Amino acid sequence: MLVSDEKSATRPVKVWFGYPDIEVTTQTYPYIIIELVDVRAAKERQSTGRMYDSDNRGTIAAVQGVTYGYDMPLPYDLSYQITSYSRHPRHDRAIIFQMQQKFPSQYGSLEVPNQLGTETAYRHMFLDGFLKRDMIEEGRRLFRNAYTVRVVSEMTPSTANNALSTVQTVEINRITTNIPTGLIPVPHLP
Amino acid sequence: MNTNTVANDALKKAAERLTPEFRQEALNAGWPADIVYQLTVDEVDGNLQVSIPDEIRSKVDDLEYGEVNGSSNRVIYRFEKSHTEGLDDIFESAFEDVAVNLGAFN
């Protein structure tokens, strides 16, 4: 995202995920902070069943005669707060304009290409809220805008199961072997 | 008795039940008690929402959206998005009452 003013025609708006150190942000207005504020199971979008395809939902190159099957994914809503900060009113209006362009009629999409670069999904996004929070800070104007954005997402049950798998056994080699050249083994205590 | 009246009554019942739940969540999230106990869940124009008195709105916005260089703590947003469980039962019960009153099961 770029803004302009009398000193720079193309001033980049820095973006951080989460709050950076104060010393960093005070030097670099305008900037934007993106925070993940909620992860919610979207039960109202849940459906059940089993699906089959040839590329495991775009994650594996298709091979003739090979089919992948998986359960319907679990829908989740990922909610973010996007807060913009600027000292210059022109920067503030430019940021608002560009954000509104991303959410015509409160609705937008987020491009998500797969790892292979063979498919691209466009996740629905919803602008759930907008709040203008301008203030005076140390005698200077600070223009703030808080956007609440919801991105639809999903997770397959197998992914969830794998994430929750419990360690059953832990095997430890008490005698160290195959020590790389140049390294010294830690002596075993009795 | 018409369906709108029943639906509004059902929403009011839900609001009464959800107010203490919301307050508990806000307290758990670290919001100060003197602010939390001024907040209520109310039925407004057929919807449930957290009501904020004007005199503390600025403080609540600071808590919810974060102060300058401070993280947000979106208690109200999360609550309003997530705490609709149980409303289905309340509405179902309410509409059954209407159906009974209209003689649907006679």
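Engineer: Whenever I open this one, the overall build of chain B confuses me. Can you help?
Structural biologist: Helix and strand counts for chain B come out as five helices and two strands. Expressed as a percentage of the 106 residues in chain B, the buried residues total 37%. Of the contacts made within chain B by residues no fewer than 6 positions apart, 56% connect residues no fewer than 24 positions apart.

Engineer: Just to check I follow, could you spell out the environment of His88(A) for this structure?
Structural biologist: Residues and elements named next belong to chain A. Relative to the helices and strands, His88 resides in the loop between strand 7 (74-86) and helix 2 (89-102). Take His88: its relative accessible area is 21%, and that puts it in the partly exposed class. For the pair His88 and Phe143, spaced 55 residues apart in sequence, the C-alpha to C-alpha distance is 7.6 Å.

Engineer: Would you mind going over the packing of aromatic side chains with me for this structure?
Structural biologist: The geometry of an aromatic ring pair comes down to the distance between the two centres and the angle between the two planes. Residue and element names in this part refer to chain A. Considering all chains together, one arrives at six aromatic pairs over all chains under this definition. Look at Tyr31 and Tyr85: their rings are 4.8 Å apart centre to centre, the planes differ by 20°, and that puts the pair in the stacked class. Here Tyr85 lies in strand 7 and Tyr31 lies in strand 4 (residues 31-41), a separation of 54 residues in the sequence. For the pair shown, Tyr31 and Tyr85 are each scored as buried. Aromatic side chains Tyr107 and Phe126 sit 5.7 Å apart centroid to centroid with 65° between the ring planes, which places their arrangement in the edge-to-face category. You can see Tyr107 sitting in strand 8 (residues 107-113) and its partner Phe126 sitting in strand 9 (residues 120-132), a full 19 residues away along the chain. An aromatic cluster is defined as three or more aromatic residues linked by ring pairs; in this entry it consists of Trp16, Tyr29, Tyr31 and Tyr85.

Engineer: Looking at this structure, how should I read the pattern of salt bridges?
Structural biologist: Pairs can form between side chains of opposite charge once their charged atoms are near each other. All names here are of chain B. Under the defined criterion, the tally for this structure stands at 15 salt bridges over all chains. Where Glu64 meets Arg74, a salt bridge forms, and the shortest distance between an N and an O atom there is 3.0 Å. Of this pair, Glu64 sits in helix 3 (residues 57-65) while Arg74 is found in the loop between helix 3 and helix 4 (75-82), placing the two residues ten residues apart along the sequence. Here Glu64 matches Arg74 in class, with each residue buried.

Engineer: In this structure, what is going on with the nonpolar core? I would like to understand it.
Structural biologist: Most often, soluble globular proteins have nonpolar side chains that are buried together. Ranked by internal contacts, the top residues of the largest apolar core, which has 16 residues, are Phe22(B), Trp31(B), Leu39(B), Val41(B), Val50(B), Val60(B) and Ile76(B). Of all the secondary structure elements, the ones that give two or more residues to this core are helix 1 (3-28), helix 2 (33-36) and helix 4 of chain B. The contact partners of Leu39(B), leaving out residues within four places of it in the chain, are Thr19(B), Phe22(B), Arg23(B), Trp31(B), Val50(B), Ser51(B), Ile52(B), Pro53(B), Ile56(B) and Val60(B). Among the nonpolar cores identified, the runner-up in size contains 14 residues, and Val3(A), Ile34(A), Phe103(A) and Val149(A) belong to it.

Engineer: What is the right way to look at the confidence of the model for chain B in this model?
Structural biologist: When pLDDT drops low, the exact placement of atoms in the prediction is not to be read closely. Residues and elements named next belong to chain B. Confidence in the prediction for chain B averages 84 pLDDT; 81% of positions are at 70 or higher. Ranking the elements of chain B by mean pLDDT puts helix 5 (residues 87-101) last with 66 and helix 2 first with 96. This prediction of the complex comes with two scores: 0.77 for pTM and 0.74 for ipTM.

Engineer: Please explain a nonpolar patch on the surface as it appears in this structure.
Structural biologist: Residues and elements named next belong to chain A. Among the surface-exposed residues, Val167, Val170 and Ile172 lie close enough to one another that they form a single nonpolar patch of about 350 Å² accessible area. Summarising the element assignment, Val167 is placed in the segment after helix 3 (157-163). Assessed through its relative accessible area of 62%, Val167 is described here as exposed.

Engineer: Mind showing me how you'd approach helix 3 of chain B here?
Structural biologist: Think of an α-helix as turning once every 3.6 residues; residues three or four places apart then point the same way. All names here are of chain B. Val60, Asp61, Glu64 and Tyr65 are the residues of helix 3 that are buried. For helix 3, the arc enclosing every buried residue in end-on projection is 105°, short of the 170-degree limit, so these residues lie on one face. Away from its buried face, by an angle of more than 90 degrees, helix 3 presents the exposed residues Ser58 and Lys59.

Engineer: Is there a simple way to think about unusual backbone geometry in this case?
Structural biologist: Residue and element names in this part refer to chain A. In this chain, Tyr29 is followed by Pro30 through a cis amide linkage whose omega measures -5°. Structurally, the position occupied by Pro30 is in the loop between helix 1 (22-26) and strand 4. One non-glycine residue with positive phi stands out, namely Glu138, at about 50°. Mapped onto the fold, Glu138 is located in the loop between strand 10 (135-137) and strand 11 (140-155).

Engineer: Whenever I open this one, the interface of chain A and chain B confuses me. Can you help?
Structural biologist: In many reports, interface size means the accessible area that the parts give up when they come together. With 22 residues of chain A at the contact, the number on the chain B side is 18 residues. Approximately 1,600 Å² of surface area, both sides summed, lies buried where chain A meets chain B, with 44% of it carried by carbon and sulfur atoms. Scanning the region where chain A abuts chain B turns up two salt bridges. Where Lys81(B) meets Asp128(A), a salt bridge forms, and the shortest distance between an N and an O atom there is 3.5 Å. Taken together, the connections running from chain A to chain B amount to ten residue pairs in polar contact (both at pLDDT 80 or more). For the side of chain A that touches chain B, the residue count by class is nine nonpolar, four polar and nine charged.

The rules behind the values
- Going along each chain's sequence as written, the residues are numbered from 1 onward.
- As they are written, the chains are lettered A onward and the ligands numbered 1 onward, keeping that order.
- Thresholds applied to this predicted model are a pLDDT of at least 70 for local features of residues and 80 or more for the giving and counting of side-chain atom pairs; totals over whole chains, interfaces and linings are not thresholded and use all residues.
- As a rule here, side-chain values cover all heavy atoms of the structure and leave hydrogens and water aside.
- What counts as a helix is a DSSP run of H or I of at least four residues, what counts as a strand is a run of E of at least two, and both are numbered from the N terminus.
- Partly exposed residues are those whose accessible area sits between 20% and 50% of the maximum for their type, while under 20% is buried and over 50% is exposed, using a 1.4 Å probe and protein chains only.
- In this analysis, two residues are considered to be in contact whenever any of their non-hydrogen atoms come within 4.5 Å of each other.
- When the centres of two rings from Phe, Tyr and Trp lie within 6.5 Å, Trp using its six-membered ring, the rings pair. Their planes under 30 degrees apart give stacked, over 60 give edge-to-face, and anything left gives tilted.
- The salt bridge criterion pairs a side-chain nitrogen of Lys or Arg with a carboxyl oxygen of Asp or Glu, the two atoms within 4 Å.
- The definition of a nonpolar core used throughout is a set of buried Ala, Val, Leu, Ile, Met, Phe, Trp, Tyr and Cys residues joined through side-chain atoms within 4.5 Å.
- The predictor rates its confidence in each residue with pLDDT, a number between 0 and 100.
- Like charges within 9 Å and nonpolar side chains (Val, Leu, Ile, Met, Phe, Trp, Tyr) within 5 Å are joined into patches, using only residues over 30% in relative accessible area that form no salt bridge.
- To be clear on the numbers: accessible area is Shrake-Rupley with a 1.4 Å probe, and residue cover counts the displayed protein chains and nothing else.
- In this description, one arc is meant: the one made by directions from the helix axis to the C-beta atoms.
- For any pair of parts, buried area is found by adding up, for both, the accessible area (1.4 Å probe) each one loses once the two are put together.
- Any N or O atom pair separated by 3.5 Å or less is treated as a polar contact, with the protein-specific requirement of one donor-capable and one acceptor-capable atom, and with residues adjacent in sequence counted only for side-chain atom pairs.
- The nonpolar class holds Ala, Val, Leu, Ile, Met, Phe, Trp, Tyr, Cys and Pro. Asp, Glu, Lys and Arg form the charged class, and all remaining residues, Gly among them, are polar.

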